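What follows is each chain in one-letter form.
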Number of protein chains: 2
Amino acid sequence: MGKKKTRGELVVLSGPSGVGKSTVIAELLSVRKDIYFSVSFTTRKPRMGEADGVNYNFVTREEFEGMIQRGELLEYAEYVGNYYGTSLKVIQDKLDAGIDVLLDIEVQGAAKVRSKCPQAVLIFIIPPSFEELSRRLHRRATDQEEVIQGRLAKAREEYGQIPQYDYMVVNDKVSEAAGEILAILTAESCRTRNRLHLIADVAGSSSISQ
Amino acid sequence: MGKKKTRGELVVLSGPSGVGKSTVIAELLSVRKDIYFSVSFTTRKPRMGEADGVNYNFVTREEFEGMIQRGELLEYAEYVGNYYGTSLKVIQDKLDAGIDVLLDIEVQGAAKVRSKCPQAVLIFIIPPSFEELSRRLHRRATDQEEVIQGRLAKAREEYGQIPQYDYMVVNDKVSEAAGEILAILTAESCRTRNRLHLIADVAGSSSISQ
C-alpha cells in the first residue's frame, strides 16, 4: 500500500528509575511487534532476572570506553556511576529500512539524540506521584536504601529536563500508559511530513495545471 | 484526577468535498462523546437529509454578512459560491471549560484559525486516490457534473495547502480514519505543554533544593 513509510520513526522513552518503564515497553512491544527495541549497552551489573542481550548488552568499563573511542555510539551517558549507551549503526540501518526504533535512555542521552536527530519523538514516563515512585523503588527491594535515595534525588533532577520532551505519559496503569504511547506512535505516523508522498502525484499535476 | 486538562484542544478537520468527512466525524463523535462539534454557519442550501443546527446552521447571505460586520466569526470563507463560518464566542467558552472542540472547515478557514490559535491541531483528510474521490462525488449524485468538476478542481487546489496541516489521515475505511484521528487526539493530550501541571509540585521543590 501507499501508506508504507519511507523511513522509520526514532522514539526515545525516558523516565525515572522505578517508574516501570520495562513493563510498559514489554506491553508496547507485545502489540507492535514490528518495532525494533534497541538494547542499550551498559557497564551496570545485571539485576536478578535480567539477561545479557535482552535487557541490556552488559559490557565492562574497558569495552564501553573502546566503543566511545571508536565513535560507535549514538549517545552515551554516565548514570549513578555506570555507563549507558546506544549503538549508532544498528539504529541507522533499521530506520533506513522503514522500521520504527524504540530507545530506552535517560535524559542526558535523550538530549544528545534530540540534537543529532531533531525529528526523534521524545516521551517521558512519570509516576502518578513522587510518593508512588518511592513506594515502587522500595517494593522492588533490589537496592539498598542509600541507592534508592540516590535514585529519587536523580529523579527530581530529571524532572527539570521534562520540557525538552514532546510527550509525557503517566504510568498509573500499564495498559493505559502503553495505550497512550501507541496512540503517540500512530499520530506521529500521520504527521504531514511523513505522508506527503501520498499526494505527490496530485500535487504535481496541480502545480502544472496552474 | 490530576489528568484533567486546564484547557480544551481546538481541532480542525479539513478535506475535499466528497472525501467522507461527515461520516468520519460521526464515527469520531460516537466514541468521544465529550467532544464539542462546532456547527458551522453557511449560506449554502441544505442537501437532502441535512438538518439546520445539526449539519450546519443555514442562514441567508444577509444574515451571514451581518455576523461578519459584528465580528462574531472566528473565521469565514467563501467556497464554491457560498459563505462558511465559525462562531467565535461558543468556541472560546468550550475551550475555557476544558472541552475539546472540533471544527469542520476548509483550507482558507483553517489558515485563519492557525494564525489566531497557533496551538490548534490541523488535520487534513484525503481519499485513497484522486480517482476514488471522483467516484465518491459521482456516487453521491446530489450535484450536477459541472458542480462535481468544480469540486474536483477545488480539491486539487486544496492539496497544495496540505503542508500547513499537522496531520494527514487517509479515509479508506471510515473506522480506520476515525481511529487515527482518535490517536491524534490522545497524543495531543499527552503533549508535554499540556501536562506540565502534573509535575509542577515536584519541579518546584526540586528548584528550591538546588
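Worth saying up front: this structure is predicted, and the values here are computed from it rather than measured. (Residues numbered from 1 in each chain as written. Chains lettered and ligands numbered in written order. Predicted model: local features only at pLDDT ≥ 70, side-chain atom pairs only at ≥ 80, totals over all residues. Heavy atoms only, no water.)

Enquirer: What exactly am I supposed to notice about the sheet that holds strand 7 (residues 101-104) of chain A here?
Expert: Strand-to-strand pairing in sheets goes through backbone hydrogen bonds, with the strands running parallel or antiparallel. All names here are of chain A. With parallel pairing, the five strands of this open sheet are ordered in space as 2-7-1-8-9. Of all the strands in the sheet, the pair left with one neighbour each is strand 2 (36-38) and strand 9 (167-170). The average undirected angle you get between the axes of adjacent strands in this sheet is 25°. Note that strand 1 (residues 10-14) and strand 8 (residues 121-126) share four bridges and pair parallel. Opposite valine 12, over in strand 8, you have leucine 122 as the bridge partner. Across the sheet, helix 7 (residues 174-189) lies against strand 1, strand 8 and strand 9, angled at about 155° from strand 9, the strand it touches most. (Pairing = 2+ DSSP bridges. Helix = DSSP H or I, 4+ residues; strand = E, 2+ residues; numbered from the N terminus. Axes fitted to C-alpha atoms, helices over the stretch in contact; angles between N-to-C directions. Contact = heavy atoms within 4.5 Å.)

Enquirer: What should I look at first to understand the nonpolar core in this one?
Expert: Nonpolar side chains tend toward joint burial in soluble globular proteins. Grouped together as the largest cluster of nonpolar side chains are 102 residues, with contacts concentrated most on A:Leu103, A:Ile123, A:Ile181, B:Leu103, B:Ile123 and B:Ile181. Setting aside residues up to four positions removed in sequence, B:Ile181 forms contacts with B:Leu13, B:Val24, B:Leu28, B:Ile123, B:Ile125 and B:Val169. (Core = buried A, V, L, I, M, F, W, Y, C linked by side-chain atoms within 4.5 Å. Buried < 20%, exposed > 50% of the residue type's maximum accessible area, 1.4 Å probe, protein only.)

Enquirer: Help me understand the interface of chain B and chain A in this model?
Expert: When the parts of a complex come together, some accessible area is lost, and that lost area is often used as the size of the interface. Each partner contributes residues to the interface: chain B has 34 residues there, and chain A has 34 residues. Buried surface at the junction of chain B and chain A, summed over both partners, amounts to about 3000 Å²; 64% is from carbon and sulfur atoms. Joining chain B to chain A, the criterion identifies 14 residue pairs in polar contact (both at pLDDT 80 or more). Mapped by element, the contributors of at least two residues to the side of chain B that touches chain A are helix 6 (145-159), strand 9 (167-170), helix 7 (174-189), helix 8 (192-195) and helix 9 (200-209) of chain B. Of all the elements, helix 7 of chain B adds the most residues to the side of chain B that touches chain A, at seven residues. Across the side of chain B that touches chain A, the residue classes tally to 19 nonpolar, five polar and 10 charged. (Buried area = accessible area lost by both parts, 1.4 Å probe. Polar contact = N/O pair within 3.5 Å; in protein donor to acceptor, adjacent residues only side chain to side chain. Nonpolar A, V, L, I, M, F, W, Y, C, P; charged D, E, K, R; others polar.)

Enquirer: Help me understand the packing of helix 5 (residues 130-140) of chain A against helix 6 (residues 145-159) of chain A in this model?
Expert: Residue and element names in this part refer to chain A. One way to put it is that helix 5 packs onto helix 6 with a least axis distance of 10 Å and a crossing angle of 150°. Seen from above, helix 5 lies across helix 6 with right-handed handedness. Contacts between helix 5 and helix 6 involve Phe130, Leu133, Ser134, Leu137, His138 and Arg140 from the first element and Glu145, Ile148, Arg151, Leu152, Ala155, Arg156 and Tyr159 from the second. Across the contact of helix 5 with helix 6, the residue classes break down as seven nonpolar, two polar and four charged. (Left-handed = near helix turned anticlockwise from the far one by under 90°.)

Enquirer: Which parts of the structure should I look at to understand the side chain of B:Asp104?
Expert: Residues and elements named next belong to chain B. Mapping aspartate 104 onto the fold places it in strand 7 (residues 101-104). Residue classification places aspartate 104 among the buried residues on the basis of a relative accessible area of 14%. Polar side-chain contacts of aspartate 104 include one of 2.9 Å to the side chain of lysine 21. Discounting chain neighbours no more than four positions away, the residues touching aspartate 104 are Leu13, Lys21, Ile25, Phe37 and Ser40.

Enquirer: For this particular structure, what's the right way to read the environment of B:Leu198?
Expert: Residue and element names in this part refer to chain B. Its location among the elements puts leucine 198 in the loop between helix 8 and helix 9. Owing to a relative accessible area of 23%, leucine 198 belongs among the partly exposed residues under this scheme. Sequence separation between leucine 198 and alanine 155 is 43 residues, and the spatial gap between their C-alpha atoms is 42 Å.

Enquirer: Whenever I open this one, the packing of aromatic side chains confuses me. Can you help?
Expert: The geometry of an aromatic ring pair is captured by the separation of the ring centres together with the interplanar angle, meaning the angle of the planes. Counted by the stated rule, this structure contains 16 aromatic pairs over all chains. Where A:Phe64 meets A:Tyr76, the ring centres are 6.2 Å apart and the plane angle is 70°; that geometry is what we call edge-to-face. Here the residue A:Phe64 occupies a position in helix 2 (residues 61-69), and A:Tyr76 occupies one in strand 5 (residues 73-79), the gap between them amounting to 12 residues. A relative accessible area of 30% means that A:Tyr76 is categorised as partly exposed. Through a chain of ring-to-ring contacts, the aromatic side chains of A:Phe124, A:Phe130, A:Tyr159 and A:Tyr165 assemble into a single cluster. Lying over the aromatic face of B:Phe130, B:Arg156 brings its terminal NZ or CZ to 4.4 Å of the ring centre. (Phe/Tyr/Trp six-rings, centres within 6.5 Å; stacked < 30°, edge-to-face > 60°. Lys NZ or Arg CZ within 6 Å of the ring centre and 35° of its normal.)

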